[in-house]
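Residue-level structure breakdown
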Amino acid sequence: MDATMLPEVTAVGVIIKAILILAVISAIAGFGTYIERKILAFMQRRLGPQHVGPYGLLQLIADGIKLFTKEDIIPQNANRIIFAVAPVITAATAFIALGAVPVFPDFTIPFVDVYVPSIASDVNVGILFVLGMMAAGLYGPLLAGMAQSNKWGLLGSARTAIQFLSYEVVTGLSLLAPIMIVGSLSFVDFNSYQSNGTWLVLYQPIAFILFLIAGYAETNRTPFDLLEHEAEIVSGYVTEYSGMRWGMFFIGEYANMITIGIIASIVFLGGYNDWWIFPGWIMIIAKIAFLFFLMLWVRAAWPHVRPDQLMWLCWKVLMPLAVINVVITGIVMMAI
Amino acid sequence: MYEFIAFYIFAISTVILFSITVFSKNVLYSMTSLAAGMVMISGFFFLLGADFLGVVQLIVYVGAVMALYAFAMMFFDTTKDVKEKYNSPRLVFLLGGLMAVVFVIIFSAPIIGENLQVLSPITDGVGNAQAVGKVLFTKYLIPFEVAAIMLLVAMVAGIILAGKKMDKSLTTTVLPLVDKESEDEILKKESR
C-alpha cells in the first residue's frame, strides 16, 4: 500500500471511536436481550415481554432500572478484590477486542471533510489479537467462580477452564485455513480479498461451520453454556453476583456475541464489500444481524451438552476435522 | 512522548504485579497478578512494533496460566491463605538474591559493553508474522523441529499416563454409592 494512501490516525479520532464503540455496543447488548427474549418466545410459541411499553419494548429500561438499583452483595467469605475485579475483566476484554475489528468501510464525513478509517486500532495481526482478547475474557468467569467461596461457583470456574482448553484449539485451527488462503492476519486484507464478490465461505464451508461452533462455545451460548447451566449448577460462576456486577458479565457476553458475528462475517461472508445494489455498511449490518439471529435460533433448537460431551466434540470430532481441512487446503494451494 | 508514558505505565505495573505474585500468600492473588503481568509484558512487544510476538505472548500465556489455575483449584482452598513452610529462610534469600544479581549482570553486560549488534534488521514492507515465519523455517529450523518433537513426546506421555479407562466415560458410569451390606445397616438403623 502507498504511504500516502494510509488513513491519518489521530488521538482524538481514536478516543471518539472508543467512546462510540462503548456506547453503541452497550446499547445493542441491552437491546439484544429484548430481541433474544422475543425471538425465543416466538420459537417456543410464547409471547415474551409484553407489558412494559408497546410490544414490551420498554422492558429494556425496566431491566436496566432493576439492575442498577439492586442491592450489591459480596458474600462473607469471598475474596473481595478478585470478586470485584472479575466482572470488569469480562466487560473490558470484550470491548478491547471490539477495538480491533473493522465494522464499516472507510468513509469521509460530509461537510467537514474528515477521513475516517473504519477501525479503532489497525493491528496488523488483528485476528489473533481479537481471539487472544476474547480468550483473556474467560478469566472473568474463572476468577468469579473461584473468588466467591461457593461450590456452584467453583464448579462453574472448573467448567470454564475445560471449556477454554477445548474450544480454543478449534477456533485457531478453523481460522488457519482462511488465513492460509488470504496470506494475512489483518481483517482489512480479508475484506479486500473478497471484494470481487466470491465469499470465502464458498472455499471453506467446513472451516465456517467449525468456527461458528467454536464461537458458540467461546461466548457460552446455549448448546455449550456449561458455565452457568441452571439445571445442574444453579448459576455457575454468577451464583453470588447481583446488580451491576452481574450486568457487566451480561454485557460482556453480548459484546462477545457481536464480536463473533463480526469476525465470521468479515472472514467468511464477504465483510463490508458492496453487493449488488446494497452498499457495504448495510450488508455488514445484515450479516451481523443474521449471525446474531442464528445464535438465538440455535439456542431455541438445541439442548445443553454435558461437559464431557463438549470435550468429546471438540477434541475428537472438531479438531481432527479442522486439521484435515488445513492439510487439504495446503495441498490444494500447493497444487494450484 | 506517548510511547514514553506507555512504557513507564507498563514497566511499573509489570514490576508491581510480579511482586504480588511472589509475595502474596493467597493463591488467587498470585495467579491473577501473574496472568495480568503476562498481559502487561505483551504491551512492551506492541510498543516495539512487534505485534505478532505481542499477540503470541498474550495467547500463549493466557492459556498457560489458565491451566495453572486449574491446578490451583484442585490443590488449594483459593479463598484462604496458604501456610508456607520455611526450612531455611536465609539460604533461600541468599540463593534467590544471588540468582537475581547474576541475571542482571548477564543481561546488562552487553549493554554496558555497547557491543549490541542487530544481526537481522527489519525489512520494510514485510509484516511481523511473515518475518517470524521466515526466520523460523530457515535459520532456526532445527530448534523448531526439535521443539515440535519434544511437544509430541510430552503429549504421548500425557495420554499414556491419563489413558487408563479412557474408553469409558466417567460421567456416564454409575458408581454404586453404598454397597449392599451398609445399605442394609442404614435401613436397620432407620427402622429402629
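Residues numbered from 1 in each chain as written. Chains lettered and ligands numbered in written order. Predicted model: local features only at pLDDT ≥ 70, side-chain atom pairs only at ≥ 80, totals over all residues. Heavy atoms only, no water.

On to the overall build of chain B. When you go through chain B residue by residue, the secondary structure sums to seven helices and zero strands. Counting only residues that meet the buried cut, chain B has 20% of its 192 residues in that class. Element-wise, carbon and sulfur atoms account for 73% of the exposed surface of chain B, whose accessible area totals about 15,300 Å². (Helix = DSSP H or I, 4+ residues; strand = E, 2+ residues; numbered from the N terminus. Buried < 20%, exposed > 50% of the residue type's maximum accessible area, 1.4 Å probe, protein only. Areas by Shrake-Rupley, 256 points an atom, 1.4 Å probe, with all protein chains shown as cover.)

Residue and element names in this part refer to chain A. In total, this model carries four salt bridges over all chains according to the counting rule given. R37 is paired through a salt bridge with D63; the nearest N and O atoms lie 3.2 Å apart. Of this pair, R37 sits in helix α1 (residues 11-43) while D63 is found in helix α2 (residues 59-69), placing the two residues 26 residues apart along the sequence. With a relative accessible area of 36%, R37 lands in the partly exposed category. According to the relative accessible area criterion, D63 is partly exposed, its value standing at 24%. Between R306 and D308 there is a salt bridge; the shortest N-O distance is 3.0 Å. Classification of R306 as partly exposed rests on a relative accessible area of 31%. (Salt bridge = Lys/Arg side-chain N within 4 Å of Asp/Glu carboxyl O.)

Moving on: the packing of aromatic side chains. A complete count under the given rule lists 18 aromatic pairs over all chains for this structure. Ring centres 6.0 Å apart and planes at 40° place the aromatic pair F211 of chain A and F268 of chain A in the tilted group. Pair noted here: F211 of chain A is in helix α9 (residues 205-218) and F268 of chain A is in the loop between α11 (243-267) and α12 (280-301), with a separation of 57 residues, a long-range link. On the numbers, 5.1 Å between centres and 70° between planes, the contact of F137 of chain B with F144 of chain B is edge-to-face. Given the relative accessible area of 31%, F144 of chain B is considered partly exposed. (Phe/Tyr/Trp six-rings, centres within 6.5 Å; stacked < 30°, edge-to-face > 60°.)

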